[in-house]
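# Coordinate analysis (summary)
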Amino acid sequence: MDLPFRLLNVFAIEDDPFSGNPLCVFPEAAGLDEPAMQAWARQFNLSESAFVTSAVTGEAAGEAQVRIFTPGHEMPFAGHPTLGTAEVVADMAGDVDEVHLSMPAGRIPVVRTADGWRLTARPATLREVGSSAADLALALGVQEASVVRQDASWVDAGVEQLVVHIDSAEAVRACAPVASGMAAHMTSPGRPPHVYAWAWTGPGSVEARLFYTEGQSVLEDPATGSACANLGGWLAAQGRRDVSVEVSQGAAVGRPSRLLLDVDAHGRVHVGGRVDAVGQGVAVHGGPGRSRSGLSEKGR
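Residues numbered from 1 in each chain as written. Predicted model: local features only at pLDDT ≥ 70, side-chain atom pairs only at ≥ 80, totals over all residues. Heavy atoms only, no water.

Once that is clear, we can look at the overall build of the protein chain. The number of helices and strands found in the protein chain is six helices and 17 strands. In terms of overall size, the protein chain behaves like a compact globule, its C-alpha atoms giving a radius of gyration of 19 Å where 300 residues would be expected to give roughly 19 Å. Taken over the C-alpha atoms alone, the protein chain extends approximately 65 × 45 × 35 Å along its principal axes. Across the 300 residues of the protein chain, 52% fall into the buried class. Across the protein chain, every contact between residues at least 6 apart in sequence was considered, and the portion connecting residues at least 24 apart equals 62%. Looking at the protein chain as shown, the accessible area adds up to about 12800 Å², and 49% of this sits on carbon and sulfur atoms. For the protein chain, the centre of its 22 positive side-chain charges and the centre of its 35 negative side-chain charges are spaced 4 Å apart. (Helix = DSSP H or I, 4+ residues; strand = E, 2+ residues; numbered from the N terminus. Rg over C-alpha atoms; globule rule 2.2 N^0.38 Å. Buried < 20%, exposed > 50% of the residue type's maximum accessible area, 1.4 Å probe, protein only. Contact = heavy atoms within 4.5 Å. Areas by Shrake-Rupley, 256 points an atom, 1.4 Å probe, with all protein chains shown as cover. Lys, Arg positive; Asp, Glu negative; His and termini not counted. Charge placed at Lys NZ, Arg CZ, Asp CG, Glu CD.)

On to the confidence of the model for the protein chain. Averaged over all residues, the pLDDT of the protein chain equals 93, while 94% of them reach at least 70. This model gives residues 289-300 a pLDDT under 50, and the stretch forms 14 contacts once residues within four places in sequence are excluded. (pLDDT = per-residue confidence, 0-100.)

Turning to helix α2 (residues 79-92), a few remarks are in order. Along its 14 residues, α2 runs 20 Å from first to last C-alpha, staying within 8% of the 20 Å computed at 1.5 Å per residue. For α2, the tally of buried residues reaches eleven of 14 residues, placing the bulk of the element in the interior. Turning to α2, its buried residues are Gly79, His80, Pro81, Thr82, Leu83, Gly84, Thr85, Ala86, Val88, Val89 and Ala90. Where α2 ends, the next residue or the one after it, glycine 94, has phi of about 100°, a positive value. (Expected span 1.5 Å × (residues − 1).)

Turning to unusual backbone geometry, a few remarks are in order. Here phenylalanine 11, not a glycine, exhibits a phi torsion of approximately 65°, which is positive. Examined against the element boundaries, phenylalanine 11 turns out to sit in strand β1 (residues 2-12). Positive phi, normally seen in glycine, also occurs at aspartate 15, with a value near 70°. Residue aspartate 15 is classed as exposed on the basis of its relative accessible area, which comes to 75%.

Bringing the environment of glycine 273 into the picture now. With respect to the helices and strands, glycine 273 occurs in strand β17 (residues 269-284). Taking relative accessible area as the criterion, glycine 273 reaches 3% and is therefore assigned buried. For the pair glycine 273 and glycine 116, spaced 157 residues apart in sequence, the C-alpha separation works out to 5.4 Å. Dropping the residues within four chain positions of it, glycine 273 is found in contact with Phe11, Leu83, Asp115, Gly116, Trp117 and Arg258.

According to the stated counting rule, one finds 15 salt bridges in the structure shown. A salt bridge links arginine 268 to aspartate 264; its shortest N-O distance comes to 3.0 Å. Here aspartate 264 falls in the buried class, since its relative accessible area comes to 16%. When salt bridges with common partners are traced through the structure, they connect Glu87, Asp95, Asp97 and Arg112 into a single cluster. (Salt bridge = Lys/Arg side-chain N within 4 Å of Asp/Glu carboxyl O.)

Tracing the backbone through its elements, the reader meets serine 244 in strand β15 (residues 243-249). A sequence separation of 27 residues divides serine 244 from valine 271, and the C-alpha atoms of the two residues are 10.0 Å apart. Beyond its immediate stretch of four places on either side in the chain, serine 244 contacts Gly204, Leu261 and Asp262. At 2.5 Å, the side chain of serine 244 and the side chain of aspartate 262 are in polar contact. (Polar contact = N/O pair within 3.5 Å; in protein donor to acceptor, adjacent residues only side chain to side chain.)

To continue, consider the pairing of strand β12 (residues 194-202). The side chains of a regular strand alternate, first on one face of the sheet and then on the other. By the bridge criterion, four bridges tie strand β11 (residues 160-165) to β12 in an arrangement that is parallel. Of the residues in β12, the one forming a bridge with valine 163 is tyrosine 196. (Pairing = 2+ DSSP bridges.)

The structure is reproduced here in structure tokens:
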């Protein structure tokens, strides 16, 4: 079974081919079951891979069912796979300017913009944080005074994450999280720890980092649309309206990224960014030792 795939950089920066968050999209994944999708996500070993399990053509072109996997588990929603998959689905549908992607978190509208693609997040839910400023600071590896404790919140606009306001960009850059502290104070039920540390760098700009764990290892995501949506949900809950914020992320892991966050007059949250095509190919699914022709490498 031939399995086409597309490689893209999402939340990329113009003229920088190694910016943004890398993504693999499988546009013809209807024949894959869940273990196979998980295995292919592990094979490509990117922060997420997206699988289009069905796409509608004709008058309803632009509707698609999508599943998103990290190398270790399925995500109900993730921002950069949503934007990158929108680019692929739009191309499949004849270069349309609006698509709707259905995933476990719900049906997400995505529209083409002058800057790339923009999704509208579902309304966020918030809950209080029980840990102290000292606990959060210890887990993040920063000084307690750097944590703006009253602003910390669990936020869920599709996937729940701990959103922690830090008092300066310098303190965000200095974060050195500790896996055990994250496990104790930054774990949402049923998921590994995820924490989004952010700071204002100007009236309409933010620097942010997203940390998560795999086992005892702390990893960092280059550009996190779901966390950006959660930040927008937190801003909306504070009563902010007609707000546009440019979020910088990824420099610490060598993938500088630019995310565009908007809270409109009605409190709806939009996350957008540039999507650049990187390449495409065909993987072979159906057994080890097969080449594109179906012959084993040994038999050639």
